[in-house]
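Each chain, letter by letter, is given below.
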Amino acid sequence: MEVKSGEGRTIKRRVGLLYDERMCKHNTPDGDYHPENPNRIKAIWNKLQAAGIPQRCVVLNAKEAKDKNLLSVHTENHVNLIKNISSKQFDSRRDRIASKLNSIYLNEGSSEAAYLAAGSVIEVAERVAEGELNSAFAIVRPPGHHAEPDEAMGFCLYNNVAVAASFLLNERPELGINKILIVDWDVHHGNSTQKMFWKDPRVLFFSVHRHEFGTFYPANDDGFYTMIGEGPGLGYNINVPWENGRCGDADYLAVWDHILLPVAKDFGPDIIIISAGFDAAAGDPLGGCRVTPYGYSVMLKKLMDFAQGKIVLALEGGYNLGSISNSVLACMNVLLEDKPVAGSSEAYPFESTWRVIQAVRKKLSAFWPTLADELPTKLTSLKAPPAHMISSSDSEDEDTKVETLEAVLQVALSKLKVDDGHAELGMATPWRSELSKVDVFYASFGSNMWKSRFLCYIEGGQVEGMQKPCSGSKDRNPPKEILWKTFPHHLFFGHDSSHTWGPGGVAFLNPECDCRHKAYLCLYRITLEQFNDVLLQENVYSDDVSSPLFDTNDLNSVANKKAVSLEALKNGWYHNVVYLGKEHGIPILTMTCSLSAVGKFKSGEFPLRAPAPPYTNTLIKGLVEGKQLSEEEAKAYIHEASTKRL
């Protein structure tokens, strides 16, 4: 194994770093977009190179796993399948086999990438266990923590972390690794890792993840806090299941301080392996949580107090290229003992977080007495507003009153689809094919009048002034046609702030027709499938759905009713779909607030607010670039809408 060290610089700690572009050969067979794609590890590597990180590390070459390593946690049939799936003999059957698995694609490069990913985690773990390295990060794909003993699942082919842990315990006993702490901070539960060490007291498995009572992927009860191991492994399996999305630094650090760290201290691991998924990062299109690079750096820093700092990180999920790259860089700086990235953890955890922490402590206190004490009320009373009252798009703000998340959870808030009991992570659903054949004009009166801003909802990303990126539509094809029209409706601005734009009001259109007013709307000809994705991002932020929010039946009825209020999105600001007529025989639809919300704006229950400069600028750009108004005319138009009474 060739080892290359950085030249001309002193390495304070010997930190290993492994990346191999051969793992990029695993891709969708038809080249279609998929969240788990080669750009994930390319973006991370480019970010680290730009920051000069590889030159300060011991850069290791990837190494393929041996079958005997894989067979320690996987069945022979599964190993044989993944070993041969990329060969010519499977060319005619490969896609069919993948379609029968849960959230899996396969191609000619899958076998090699899977062997490299598992072998690379073994390689870095062995170097750290031997003491040759203090710590290491393996930038690998495909990820592993969902891969079951007998089949691939959830983007994962082999369980890379479990293979490496088993290797240290069973194949290299002379290294003195008798106790391993596996920390899985991926936003999804590490179902496979849990099963593989369910009865093994040598492995303390800890997973913190979105669960939402079994509705979030992988959509079962395995990730609940009552699942604590069996036989000799009883008490060595710890699940911290979030009841909601949008958990951030404060929530994760509370779990670290009041569950993970006390137990880790008593367990005394010889090495720590982290299933380092970064899909709980802010901006991730699948995760829906809000952990920052600072949060990840603190989580890692706290773990370095154990096992003499012997820590191995193996990449799992994470699908926003910016978030994943910045988060990995933050972790590398910690491993190199740099100052952690700037940030703050002054925010408080959700009330639901304290509830889960207390439930986990109570369940495990018989096995870990350090968890037996009740947390003081003075501590647990420090809490953020409920998750459903934290806005994630222009559709929500701190004034939104919601009893539970159920209405949104039933339709959105996860990449989970459940059809006849079969859950899939981020894969296509039948309704999309049907609605992709129907065109509508989506009419925008707000920031989406600017084409560049609207394309964020189609292609993903963000424009200047936005506080967070959009996840984009499943179908990323641009609008087939763009045109402008004016409509006799009252444009106004309301709410104090939004998470997309920060302080200031955002645009609404009174659903009722009023000939005294004239509003400029930009019409984008898109598919009804894309319209559903825009609806979702306007009202829930970035998550996918198992059934359409607005289908062809709704399209037929809205022409008669003139407006359809979507019950599943009733807590969003833009849940009311309004019919504005037809253009070239194609329905024109917009989305705005309900008439009852207009009444609340009139009464003062909801605040009317002028837009702040970042938001205003997008409106001006849309109107000017659309050749509707001059810059001065656009400013006057917005000012009038901001000041005219409802």
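Sequence order as written defines the numbering, with residues in each chain counted from 1. Whole-chain, interface and lining totals are the exception, using all residues; otherwise, since this is a predicted model, local features are given only for residues with pLDDT of at least 70 and side-chain atom pairs are given and counted only at 80 or more. No hydrogens and no water enter the side-chain calculation; it runs on all heavy atoms of the structure.

1. Here's the deal with the overall build of the protein
Numbered from the N terminus, helices here are DSSP runs of H or I no shorter than four residues, and strands are runs of E no shorter than two. Scanning the protein from terminus to terminus reveals 20 helices and 21 strands. Here the protein holds 646 residues, and the buried ones make up 63% of them. Summary of the burial criterion: residues with accessible area below 20% of their type's maximum are buried, those above 50% are exposed, and those between are partly exposed, where the area comes from a 1.4 Å probe applied to protein chains only.

2. A few points about the side chain of glutamate 529
Position of glutamate 529 among the secondary structure elements: in helix α16 (residues 528-539). Of the residues examined, glutamate 529 reaches a relative accessible area of 6% and is grouped as buried. With sequence-adjacent residues up to four places away left out, glutamate 529 is seen in contact with Trp431, Arg432, Leu435, Ser436, Lys474 and Asp475. Note on definitions: a residue-residue contact is assigned when non-hydrogen atoms from the two residues lie within 4.5 Å.

3. Brief notes about the pattern of salt bridges
We define a salt bridge as a contact between a side-chain nitrogen of Lys or Arg and a carboxyl oxygen of Asp or Glu at a distance within 4 Å. Across all of its chains, the model carries 34 salt bridges by this definition. Of the charged contacts in the structure, one is a salt bridge between arginine 432 and aspartate 533, with a shortest N-O distance of 2.9 Å. Highlighted residues: arginine 432 in helix α14 (residues 430-435) and aspartate 533 in helix α16, separated in sequence by 101 residues. By the burial criterion, arginine 432 is buried, and aspartate 533 matches it. We note a salt bridge from lysine 480 to aspartate 439, for which the minimum N-O separation is 2.8 Å. A residue pair is termed long-range when its members are at least 10 positions apart, and lysine 480 in the loop between α15 (451-459) and β13 (481-487) and aspartate 439 in strand β12 (residues 439-444) qualify at 41 residues. Residue class for lysine 480 comes out exposed when judged on its relative accessible area of 54%. For aspartate 439, a relative accessible area of 14% translates into the label buried. By sharing partners, the salt bridges in this structure join Asp20, Arg22, Lys25 and Glu112 into a single network.

4. Things to note about unusual backbone geometry
For the peptide bond that leads from arginine 141 to proline 142, omega is 0°, which places it in the cis range. Mapped onto the secondary structure, proline 142 falls in the loop between β4 (135-139) and α6 (160-171). With an omega of 10°, the peptide bond running from tyrosine 217 to proline 218 counts as cis. With respect to the secondary-structure elements, proline 218 resides in the loop between β6 (203-210) and β7 (237-242).

5. Focus: the packing of helix α1 (residues 39-50) against helix α10 (residues 321-335)
Pairs of packed helices are described in terms of their axes, by the angle between the two and the distance that separates them. Here an angle of 0 to 180 degrees is reported between the N-to-C directions of two axes, which are lines fitted to C-alpha atoms, with helices fitted over the stretch in contact. Packing of α1 against α10 brings their axes to within 9 Å, and their N-to-C directions diverge by 45°. The angle between α1 and α10 falls in the class oblique. Helix-helix and strand crossings are classified by hand; for α1 and α10 the assignment is right-handed. Across the interface between the two elements, Asn39, Arg40, Ala43, Ile44, Lys47 and Leu48 of α1 pack against Leu321, Ile324, Ser325, Asn326, Val328, Leu329 and Met332 of α10. When residue character is reported, Ala, Val, Leu, Ile, Met, Phe, Trp, Tyr, Cys and Pro are called nonpolar, Asp, Glu, Lys and Arg charged, and the others, Gly included, polar. Looking at the contact of α1 with α10, its residues break down into 8 nonpolar, 3 polar and 2 charged. An angle below 35 degrees is treated as roughly parallel, one above 145 as roughly antiparallel, one from 65 to 115 as roughly perpendicular, and anything else as oblique. Should the near helix be turned anticlockwise from the far one by less than a right angle, the crossing is termed left-handed; should it be turned clockwise, right-handed.

6. Quick word on helix α3 (residues 76-84)
Where α3 is concerned, the buried positions are His78, Val79 and Ile82. Looking straight down α3, one finds that the buried residues subtend no more than 95° of arc, so they occupy a single side. What points out from α3, more than 90 degrees from its buried face, is the exposed set Glu76 and Asn77. Contact partners of the buried residues in α3: α2 (67-70) and α5 (110-130). Read the arc as the range of directions from the helix axis to the C-beta atoms.

7. Side note on the packing of aromatic side chains
Pairing of aromatic side chains here covers Phe, Tyr and the six-membered ring of Trp, requires ring centres within 6.5 Å, and sorts the geometry by plane angle: under 30 degrees stacked, over 60 edge-to-face, intermediate tilted. In total, this model carries 25 aromatic pairs according to the counting rule given. Counting every residue linked through ring pairs, the aromatic cluster contains Phe492, Phe508, Trp573, Tyr574, Phe601 and Phe606. The rule is short: NZ of Lys or CZ of Arg within 6 Å of the ring centre and within 35 degrees of the ring normal puts a charge over the ring. Against the face of phenylalanine 267 rests lysine 179, its NZ or CZ located 5.4 Å from the ring centre.

8. Observations concerning the confidence of the model for the protein
Per residue, pLDDT captures the predictor's confidence, and it can take any value from 0 to 100. Per-residue pLDDT for the protein averages 89, and the proportion of residues at 70 or more is 89%. Contacts of residues 1-11 to residues separated by more than four positions or lying in other chains number 24 contacts, the stretch itself having pLDDT below 50. Confidence drops under a pLDDT of 50 for residues 388-424, and excluding neighbours within four residues, the segment shows 127 contacts in the predicted structure.

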